[in-house]
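One letter stands for each residue in the lines below.
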Amino acid sequence: QKIRISGLNVEWKAWTLLLGRVDITNVSISTLRIASVPSKNVLTMPLSLQLPARIVIKQAAIGRLVLTELGADGQEVKPLELKAIIGSLDSSDLVHQLTAQVDSAWGGLHLKGQVQTNTPFQVQGEFTYRGQPNQDLPKVLIQGNLSGSLQDLRIQAQSVAKTNDGLTANPEQQASADMQLHLAPFSGTPLRLARLKIIDLNPQWINQHAPSAMLDIDFDLQPPKVQVPAKIMPTPVVQTTALNGEI
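In this report, we go over the structure that sits alongside the text. These numbers were taken from a predicted model, which means no experiment stands behind them.

Next up on the list: the layout of surface pockets. One number sums up the size of the largest pocket: a volume of about 1000 Å³. Taken together, 39 residues make up the lining of the largest pocket; nearest its centre are Tyr129, Pro133, Val140, Ile142 and Ala177. Elements supplying a minimum of two residues to the lining of the largest pocket: strand S7 (107-116), strand S8 (123-131), strand S9 (140-148), strand S10 (153-159), strand S11 (176-183) and strand S12 (191-201). Across the lining of the largest pocket, the residue classes tally to 27 nonpolar, 8 polar and 4 charged.

A few words on unusual backbone geometry. Along the chain, Thr119 connects to Pro120 via a cis peptide bond; the corresponding omega equals 10 degrees. Turning to its location among the elements, Pro120 is positioned in the loop between S7 and S8. Residue Ala84 is not a glycine yet carries a positive backbone phi of 50 degrees. Tracing the sequence through the fold places Ala84 in strand S5 (residues 76-91). The backbone phi angle of Phe121 is positive, close to 65 degrees, even though this residue is not glycine. The residue Phe121 is located in the loop between S7 and S8 in this model. A relative accessible area of 0% means that Phe121 is categorised as buried.

What counts, and where the lines are drawn
- Residues numbered from 1 in each chain as written.
- Predicted model: local features only at pLDDT ≥ 70, side-chain atom pairs only at ≥ 80, totals over all residues.
- Heavy atoms only, no water.
- 1 Å grid on protein atoms, 1.4 Å probe; cavity = no way out; pocket = protein on both sides within 12 Å on 5 of 7 lines; lining within 4 Å.
- Points joined across faces, edges and corners; volume = space filled by probe spheres on them.
- Helix = DSSP H or I, 4+ residues; strand = E, 2+ residues; numbered from the N terminus.
- Nonpolar A, V, L, I, M, F, W, Y, C, P; charged D, E, K, R; others polar.
- Buried < 20%, exposed > 50% of the residue type's maximum accessible area, 1.4 Å probe, protein only.

Below, the structure is given as structure tokens:
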């Protein structure tokens with residue numbers, strides 16, 4: 001793995017170390033590049049998320065975050081770029097509370113949540129997404145929430161005309177969407193359930209040459225259940241003892 005940082009600036013209160021915590025007023029990075037070797041191994045559930053000390057970051061900012069795969073020849077491929085990342089963190093022995101917002105080529109995401117530091121790592125949060133996931137799809141405005149744990153994560157989201165913080169959807173594209181995801185991030189089959197229901201989708205929002213219509217779409221995806229073969233019990237053998245000879 002390669003990590004490269006440029007334009008690092010940190011403002012912190014060193015005296016808070018005497019109180020057993022790290023208090024960072026501001027940390028900013030111009031560009032952060034992370035290159036990792038791809039792995040097919042299943043993610044391993046951590047034993048704990050506790051940090052050595054309490055960490056409070058009032059404001060963190062990253063201008064560009066570039067994630068790439070590290071090839072066998074050492075070249076970085078498949079770059080994924082995120083921009084204008086802003087966040088905060090308040091960490092304790094029991095829970096990590098965080099806020100984050102990030103922009104990308106597919107839109108912007110705002111997230112606020114918390115995760116407990118001990119297994120099963122209970123999760124609670126809410127998020128807002130505004131953007132265009134794919135150039136062949138209309139722009140959307142979505143609000144959702146996270147619940148469950150890192151072992152059993154559930155995500156629910158739905159399209160809205162206006163979010164709690166004042167963002168408004170495109171009035172010309174008012175399809176209604178409802179999504180449910182059930183994930184097990186640390187298992188061999190991370191996706192347990194995916195459901196998407198769309199009401200009043202006009203194909204012309206995707207392609208202006210398509211016919212005008214209002215479509216309802218239901219999408220339901222579940223991994224096939226593994227059939228455990230029944231055990232074949234051997235036929236019991238009754239042994240008897242016989243006497244041979246003449247009577």
